[in-house]
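Residues per chain are reported as follows:
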Amino acid sequence: MVPVMTYEEYRPFIARFQEFVEPDVVPISKVNNLFAPGLPAFIAHSSGTSGGLPKWFAKYGLHPNGKRTCCAVMGNVRPKISNGTLCVISSLLSKKVLMLTDPSGETVIRIPVCPVSTGTARIHSGREVSSDRSLLLLREPNVTNPFAVYFIQNFKTFMIMNILFALADRQLGCISCVFATVLRDFYRIMEENWDLLIHSIENGVIPDLEGLDGLKEHLQAYLLRDPRRADELRAVGRETAPDGWMKRLWPNLRRIVATTSGAYATIVPEMRHYLGPDIEIHGMGITATESYYALPYHSLDAELYRLSDGDDFVEFLPLGENREPSLLKPPWEVVAGESYEVFLTTHDGLWRYAVGDIVTVVGFDPRDGQPVICFAGRTSGDFRLQHTVIPEKDVIDAIRAAQPYTGAIVEFTATADFRKADVCHGFFIELQDELGPEACLAPEIVKTHLCSANFNYAKDVEGGRVGPPTIRVVRKGTFMEYREWKITQMGTGLVQTKVPVVTWDKELVAWLEERVDAELRATKT
C-alpha cells in the first residue's frame, strides 16, 4: 500500500535542485527524471505563511497543475472582456533562475524558481525567462499594464504602477488578482497616493519611484499625457466614505477576480464598500502551490468548489483519524456534511501528499458526481495551546462573531499571549472604520463562541489553564505594511504573501505589538 507523504519525505529529493556546483548551477544528471519524466518547467516556491522557509516543488509538463485545470484557472484569472480592458495584478519575477548543465558544463536549460501563479502563467503563455528582456517593450492587447510592470521588485512601486495604468484607462472592465488582500492593498495605496497618480496622468510622466531602474523608459512609452482623464478623476475625488468609489472611478468596471473564501472572507464587506453593489466578485479556484485541485462550482459563489476531474487525484482523510493509508477515502466514498483533510497524488511526483487543507463536502455535482466542497481551513492554522486544538475555521468564526461589537474586521492574526501568567489566546485585528461602542464586549463574545465550539477549550478556561482571550487593535494599514515587510525580508512573491490565521513567529508578534492602538480584554472568570 502506498504510504502517505509529507514535505519531510519530499525534502531530500527537491534538495538536489539546491546542490549547486556554482551559484544557481545544477548538473542535469542530479535532477533528470527525478519526480516525473524529464525536467521540470519551473520550481514553485510557497509563501512561507506558516512561519518556516518557503517550500520548493518541481512542476512538470506543458500544463503544470493539469491541462484542464490549468486552462480553466488561467481562464478565470484572465477572463475575456467583451467591452473594456483588464488589469491583471501579477508578477513575472523569479526568486532565482537555475541553470541546468550537461557533463561538459554547458547550460542546457534555465528553470525559474517562482510562485506557482507566475510559473503557471509563464508556461501557459509560452514565455520563457530567456525572453524577458524582449517582453519589456510590449503590452498585451486590452490589458492596462505594460509587461515592464510585472518585473518591478519594490512592492509599493509595483502597486502604484498597477494603479497608475489602471486609472489612466477609463474603459477598465475587470481587475484580477490572486487574493482579496491584493485588491485591498490596491485601493488603500490608491487613496494614499492619489495626488501623485492624478499628476502623473495629467502630465503623462512616470514618477521617480524606488525600484524602477531599467524599467522606467519602458513604462513611460505607454503613459500618454491625458488632462481630460485627470479632470474626470478629480471630479470623482478621493472621498471614499460613500459606497462605490471604484465604480465611480471606472464606470465600466464590472468584475473583480480574487479569492475571497476562508480567512479572506473578512475583507469582503470592505471590498463591497469600495466596489459598490453592482460589481461582481468572481473566484478562481483553490490554487495551492502543490496543485490546482478544485475550481469554482459557480463563478459568483466564493465558498463552493468542485474537484477538478481528469488531472491530479484527490483523497480524503476523515478529521480526527490517524494518517494511515487504509483510512484515506477516494472522492466517491466521501459523505456530504463531513470534513476531511486533503491528500494529493499528482503528475508532478507527489503521492498521497498531505497538502494541509481541510475541506467540508457539501454535496455532489449533478453533472458528473464530483464532490462539491467548501474550504474549511489549514491544518497549519489550527490554534494549539495547552490541552486544546482549535481548528482554523473556529478561529475565523470567532472573529466574525466579534464584528458586531468591534466594528468590521478586515484582517487579523491570532497567537498565544504570554504577557501574563495565565497564557491566553490573543488576536491582533485591523478595522475598516472605528471601534464600535460596545467593543469592550468583544473578548467575551470570542470566549463564548470558542467555548461553545470546542469542549476542551471550555474545560481549559474553566480550570484556569488558559486566561480569557485578548484582542489588540492595530493601526490601519498594518497588515499591508506586514506584506511589504515580509516581501523585503523573505523575497516572497509580490502578490503571494499572506497573513497567517495563527502565527508563532515571535518576530512578527513583536512587530505587531509596536503597532497596537488599543487593547480589549475580557474579565477573567
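Presented here is an overview of the structure given in this document.

Attention now goes to the environment of Thr-503. By the secondary structure assignment, Thr-503 is in the loop between helix H16 (478–490) and helix H17 (506–513). For Thr-503, a relative accessible area of 5% corresponds to the buried category. In sequence terms Thr-503 and Ala-416 are 87 residues apart; their C-alpha atoms lie 8.3 Å from each other. Discounting chain neighbours no more than four positions away, the residues touching Thr-503 are Thr-413, Ala-414, Thr-415, Leu-508 and Val-509. Of note is the side chain of Thr-503, whose polar atom sits 3.1 Å from the backbone nitrogen of Asp-505.

Applying the stated criterion across every chain yields a total of 40 salt bridges. Two residues, Arg-306 and Asp-365, come together in a salt bridge whose shortest N-O distance is 2.8 Å. Of this pair, Arg-306 sits in strand E12 (residues 304–307) while Asp-365 is found in the loop between strand E15 (353–364) and strand E16 (371–378), placing the two residues 59 residues apart along the sequence. According to the relative accessible area criterion, Asp-365 is buried, its value standing at 1%. The shortest N-O distance in the salt bridge between Arg-323 and Glu-341 comes to 2.4 Å. Taken together, the positions of Arg-323 in the loop between strand E13 (313–318) and strand E14 (339–345) and Glu-341 in strand E14 put the pair 18 residues apart, joining distant regions of the chain.

If you check which residues of helix H8 (residues 194–203) are buried, you get Trp-194, Leu-197, Ile-198, Ser-200 and Ile-201. Down the axis of H8, the sector holding all buried residues measures 160°, keeping them to one side. Those residues of H8 hidden inside the fold are in contact with helix H6 (155–167), helix H7 (180–192), helix H10 (227–236) and helix H11 (245–249). Of the residues trailing H8, Gly-204 is marked for its positive phi of about 65°.

Moving on to the side chain of Asn-454. Structurally, Asn-454 can be placed in the loop between helix H14 (442–453) and helix H15 (455–462). Classification of Asn-454 by relative accessible area gives buried; the value is 10%. Among the polar contacts listed, one links the side chain of Asn-454 to the backbone oxygen of Val-389, at a separation of 3.0 Å. Among residues more than four places away in sequence, those in contact with Asn-454 are Thr-388, Val-389, Ile-390 and Pro-391.

Turning our eyes to something else, we now look at the sheet that holds strand E2 (residues 42–45). On the basis of which strands lie adjacent, the open sheet formed by five strands has the order E1-E5-E6-E2-E3 and mixed pairing. Two strands lie at the open edges of the sheet, namely strand E1 (25–27) and strand E3 (56–59), each paired on one side alone. Strand-to-strand twist across the sheet, computed as the mean angle between neighbouring axes with direction ignored, equals 30°. Pairing of E2 with E3, which is carried by four bridges, proceeds in the antiparallel orientation. Looking at the pairing, Ala-44 lines up with Phe-57 of E3. Each of E2 and E3 touches helix H1 (residues 7–14); the most contacted strand, E3, lies at about 70° to it.

A few words now on helix H13 (residues 392–406). The α-helix advances 3.6 residues per turn, and as a result positions three or four apart in sequence lie on the same side. The end-to-end C-alpha separation of H13 is 20 Å, in line with the 21 Å expected for 15 residues at 1.5 Å each. Turning to H13, its buried residues number three or more, namely Glu-392, Asp-394, Val-395, Ile-396, Asp-397, Ala-398, Ile-399, Ala-402, Gln-403 and Thr-406. Looking one or two places after H13, you find Gly-407, whose phi comes out positive at around 100°.

Basis of the calculations
Residues numbered from 1 in each chain as written. Predicted model: local features only at pLDDT ≥ 70, side-chain atom pairs only at ≥ 80, totals over all residues. Heavy atoms only, no water. Helix = DSSP H or I, 4+ residues; strand = E, 2+ residues; numbered from the N terminus. Buried < 20%, exposed > 50% of the residue type's maximum accessible area, 1.4 Å probe, protein only. Contact = heavy atoms within 4.5 Å. Polar contact = N/O pair within 3.5 Å; in protein donor to acceptor, adjacent residues only side chain to side chain. Salt bridge = Lys/Arg side-chain N within 4 Å of Asp/Glu carboxyl O. Arc of directions from axis to C-beta. Pairing = 2+ DSSP bridges. Axes fitted to C-alpha atoms, helices over the stretch in contact; angles between N-to-C directions. Expected span 1.5 Å × (residues − 1).

By themselves, these observations are geometric and do not establish any function.
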